[in-house]
Amino acid sequence: MLKDIAFGIIISLLFISLVVLFCAVLIKLYIQKIKEHNRKELAFQKTLNTTILENQEQLLTSISQDLHDDAGQQLTVINFQLENLKLDHPNCEKSLSPISASVANLSQSLRQISHSLNNNWLIENGLINAIKAEVDRIENHKTITIAFKSQDDSKRKFDVEEQIVIFRIFQETINNMLKHAKATSMTIAIKTSPKFELKMTDNGVGFDQKIESRSTLGIENCTQRAKIIDYTFTIASQLNQGTTITLLEN
């Protein structure tokens, strides 16, 4: 009798063990399936984002070329005509000189904008130099003071996609700050070692992050672009205490 009971208990334990083992195998397979699905989803999202980025870059390069070749040439012609008018009518030179200066300034601004849109210029001149040039352009045309700090490790090499993404995030961010922050001063700090970090802080109106959502299209673009190169894009802000935006290499 006792042998039968013991045998029954052993059989029951073996059955329970098999059931537990079967359930464990099913759970493991399910988890692996979920991980594989997430991996494929992330890979698809990254591929999609990369494709969108490439299309945007092609469009910006096309616009840059049009600005340089078409609008730039027209301004050159206008300036040439003004110089001829000065020669033909010396008595009007004083009146025409301010117009010539304005055309020259517009031509220079157009050239700078064309460079900032063209990733070939970015790659040739380097990421840090491109950001510095953009800062100089903004300071020349906006009523804002920008303190630019760069701790650049010359040994740090950026691949092409990384440079383009970082620079476009910088442009998107600074444009949003200039548009919404109502700031009078801004600090832009860059570190390239041991990990790349771009930090932008303004003294603008800020916002309460607990109340106000800033999931705008521009910020969402920056967040998605950062993921392409395995970076993190974050925003910290308080009402009437400015905003700090950080792009950090993971």
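Scroll up for the structure.
Predicted, not measured: the structure shown is a model, and the values here were computed from it.

*Asks:* Requested: an account of the environment of Phe233, with residues and values cited.
*Replies:* Tracing the chain through its elements places Phe233 in strand S4 (residues 231–237). The exposure class assigned to Phe233 is buried, which follows from its relative accessible area of 11%. It is 10.0 Å that separates the C-alpha atoms of Phe233 and Lys199, two residues lying 34 residues apart in sequence. When sequence neighbours within four positions are dropped, the list of residues in contact with Phe233 reads Ile169, Thr173, Ile219, Cys222, Thr223, Ala226, Ile245, Thr246 and Leu247.

*Asks:* Lay out the sheet that holds strand S2 (residues 185–191) in plain terms, naming residues and giving numbers.
*Replies:* Spatially, five strands are ordered S1-S2-S3-S5-S4 in an open sheet, and the strand pairing comes out mixed. Looking at the sheet topology across the chains shown, the edges are occupied by strand S1 (145–151) and S4. Between one strand and the next, the sheet's axes are offset by a mean angle of 10 degrees, whatever the strand orientation. Here strand S3 (residues 197–202) pairs with strand S5 (residues 243–249) via six bridges, running antiparallel. Across the sheet, residue Thr201 finds its bridge partner in S5, namely Thr244.

*Asks:* Could you give me a rundown of the environment of Glu197, with the residues and numbers involved?
*Replies:* If you trace the backbone, Glu197 turns up in strand S3. Note on Glu197: relative accessible area 18%, which makes it buried. Those residues within four positions of Glu197 in sequence are excluded, and the remaining contacts are Ala189, Ile190, Lys191, Thr246, Leu247 and Leu248.

*Asks:* Describe empty space enclosed by the protein, and please don't skip the residues or the numbers.
*Replies:* With the rule as written, the count across this model stands at one cavity of 30 Å³ or more. Estimates place the volume of the largest cavity at around 40 Å³. Forming the boundary of the largest cavity are Ile169, Phe170, Thr173, Leu198, Met200, Phe233, Ile245, Thr246 and Leu247. Across the lining of the largest cavity, the residue classes tally to seven nonpolar, two polar and no charged.

*Asks:* Any chance you could break down the packing of aromatic side chains for me, citing the residues and the numbers?
*Replies:* Working definition: an aromatic ring pair is given by the centre-to-centre distance plus the angle between the planes. Under the counting rule described, the total for this entry stands at three aromatic pairs. Ring geometry for Phe158 and Phe196: centres 5.6 Å apart, planes at 90 degrees, overall edge-to-face. With Phe158 in the loop between S1 and helix H5 (160–180) and Phe196 in the loop between S2 and S3, the pair connects residues that are 38 residues apart, well separated along the chain. Taken individually, Phe158 and Phe196 each receive the classification buried, so the pair is uniform in this respect. Considering the side-chain rings of Phe167 and Phe170, the 6.3 Å spacing of their centres and the 25 degrees angle between planes classify their relative orientation as stacked. Within this pair, Phe167 and its partner Phe170 are both found in helix H5, separated by three residues, close to a single helical turn. For Phe170, a relative accessible area of 0% gives the class buried. These aromatic residues form a ring-pair network of at least three members: Phe158, Phe196 and Tyr231.

*Asks:* Describe the packing of helix H4 (residues 127–141) against H5, with residues and values.
*Replies:* In helix packing, the relevant descriptors are the interaxial angle and the interaxial distance, both defined with respect to the helix axes. With their axes 10 Å apart at the nearest point, H4 and H5 run at an angle of 20 degrees to one another. Compared by their axis directions, H4 and H5 come out roughly parallel. With respect to the hand of their crossing, H4 and H5 are arranged in right-handed fashion. Here Leu127, Ala130, Ile131, Glu134, Val135 and Ile138 of H4 lie close against H5, whose contacting residues are Gln163, Ile166, Phe167, Phe170, Gln171, Ile174 and Leu178. Of the residues assigned to the contact of H4 with H5, the class counts are ten nonpolar, two polar and one charged.

The rules behind each value
- Residues numbered from 1 in each chain as written.
- Predicted model: local features only at pLDDT ≥ 70, side-chain atom pairs only at ≥ 80, totals over all residues.
- Heavy atoms only, no water.
- Helix = DSSP H or I, 4+ residues; strand = E, 2+ residues; numbered from the N terminus.
- Buried < 20%, exposed > 50% of the residue type's maximum accessible area, 1.4 Å probe, protein only.
- Contact = heavy atoms within 4.5 Å.
- Pairing = 2+ DSSP bridges.
- Axes fitted to C-alpha atoms, helices over the stretch in contact; angles between N-to-C directions.
- 1 Å grid on protein atoms, 1.4 Å probe; cavity = no way out; pocket = protein on both sides within 12 Å on 5 of 7 lines; lining within 4 Å.
- Points joined across faces, edges and corners; volume = space filled by probe spheres on them.
- Nonpolar A, V, L, I, M, F, W, Y, C, P; charged D, E, K, R; others polar.
- Phe/Tyr/Trp six-rings, centres within 6.5 Å; stacked < 30°, edge-to-face > 60°.
- Parallel < 35°, antiparallel > 145°, perpendicular 65-115°, else oblique.
- Left-handed = near helix turned anticlockwise from the far one by under 90°.

All we've got here are geometric facts, nothing functional implied.
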